[in-house]
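Below, each chain spelled out in residue letters.
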Amino acid sequence: MEPTISPSILNCDVADLVGEMHKIRNADFAHVDVMDNHFVPNLTWGLPVVEALIAKNILPLDCHLMINDPDRWAPQYAEAGAASVTFHAEAAGAPLRIAREIRRLGAKVGLGLKPTTDIHDYLDVLDAFDMILVMTVEPGFGGQPFLESQLEKIRRVRAAADRRDLELAIQVDGGVSRQTITLAAEAGADVFVAGSAVYRSEDAYSEVEALRAAAKAAMCAH
């Protein structure tokens, strides 16, 4: 299994999104954090920015919707051409219906869980999703420290997927660095979102390669 690296553009130079995307052109995806200042206390960008980035065709977009009412909005990101759309369990009225619609529109679908959200209620419906996102910080702002308390949640999701022989990706987002990516990979994660670690490094391209190598080493050791 190969690790997937999806750098978050949350902490990049927003005045030069195209240039900042080219800095991570060796990544698998660009992770786009969509925040509405309601579900989380921050406001970033929405559908028009995502549509503009998709039109540039630099990297496939992995859209993480930290918004209220994903039942209404999430399918529109899939329709716009996002490769992957993740919405939050805590905000969704009908998560299975949203998941079906996102898949029908041709995108992968992810279910996001805040640190205090238990995975237990979703173990029986894991097959409805292509990816589970385990937040390793409280969502809303970049630069927070990695919550090691979430490693057990990653293990539980991986064990449940393995028992059912599901091809389920497990994404971690928050405080991911060369050090913490190893912990997450050892626990069973295979998709890694790193924002500050990439865009605050001297060379974003090289940092993507370093993160991929660290994750792959940890995954191969297990």
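These remarks concern the structure in this document. (Residues numbered from 1 in each chain as written. Predicted model: local features only at pLDDT ≥ 70, side-chain atom pairs only at ≥ 80, totals over all residues. Heavy atoms only, no water.)

**Considering the packing of aromatic side chains**
The way to describe two aromatic rings as a pair is by their centre distance and the angle between their planes. Note the cut-off: Paired rings are identified among Phe, Tyr and Trp, the last through its six-membered ring, by centres lying within 6.5 Å, and are further divided according to the angle between planes into stacked (under 30 degrees), edge-to-face (over 60) and tilted (the rest). Definition used: whenever NZ (Lys) or CZ (Arg) falls within 6 Å of the ring centre and also within 35 degrees of the ring normal, the charge is taken to sit over that ring.
What the rule picks out here adds up to one aromatic pair. The side chain of Lys-114 reaches across the aromatic face of Phe-39, ending 4.5 Å from its centre.

**Quick look at the pattern of salt bridges**
Rules: What counts as a salt bridge is simple: a side-chain nitrogen of Lys or Arg found within 4 Å of a carboxyl oxygen of Asp or Glu. Each helix is a run of DSSP H or I of at least 4 residues and each strand a run of E of at least 2, with the numbering of both proceeding from the N terminus. Think of it in three bands: with a 1.4 Å probe and only protein chains considered, a residue is buried below 20% of the maximum accessible area for its type, exposed above 50%, and partly exposed in between.
Under the criterion given, the structure shown has 11 salt bridges. Between Glu-152 and Arg-155 there is a salt bridge, with the nearest N and O atoms lying 3.3 Å from each other. In this pair, Glu-152 and Arg-155 are both assigned in helix H5 (residues 151-163), three residues apart and thus about one turn of the helix distant. A residue is classified by how much of its surface remains accessible, and Arg-155, at 40% relative accessible area, is partly exposed. Its salt-bridge partner being Glu-209, residue Arg-212 comes within 3.1 Å of it at the nearest N-O pair. Within this pair, Arg-212 and its partner Glu-209 are both found in helix H8 (residues 204-220), separated by three residues, close to a single helical turn.

**Some points on the side chain of Thr-180**
Put simply, the test is: Every residue pair with non-hydrogen atoms within 4.5 Å of one another is taken to be in contact.
On the secondary structure map, Thr-180 appears in helix H6 (residues 178-187). According to the relative accessible area criterion, Thr-180 is buried, its value standing at 13%. Those residues in contact with Thr-180, other than ones at most four positions away along the chain, are Phe-146 and Gly-175.

**Some points on the nonpolar core**
The test is simple: What we call a nonpolar core is a set of buried Ala, Val, Leu, Ile, Met, Phe, Trp, Tyr and Cys residues that are connected through their side-chain atoms within 4.5 Å.
Counting residues in each nonpolar core, the largest one holds 69 residues, and the members touching the most others are Ile-9, Ile-24, Val-85, Ile-102, Ile-132, Ile-154 and Phe-192. Counting residues per element, this core draws most heavily on H8, which supplies seven residues. Every residue in contact with Phe-192, bar those within four places of it in the chain, is listed here: Pro-3, Thr-4, Ile-5, Ser-6, Val-172, Val-176, Ile-181, Ala-184, Ala-185, Ala-215 and Met-219. Of all hydrophobic cores here, the second largest spans six residues; its members include Leu-10, Phe-39, Met-66 and Ala-91.

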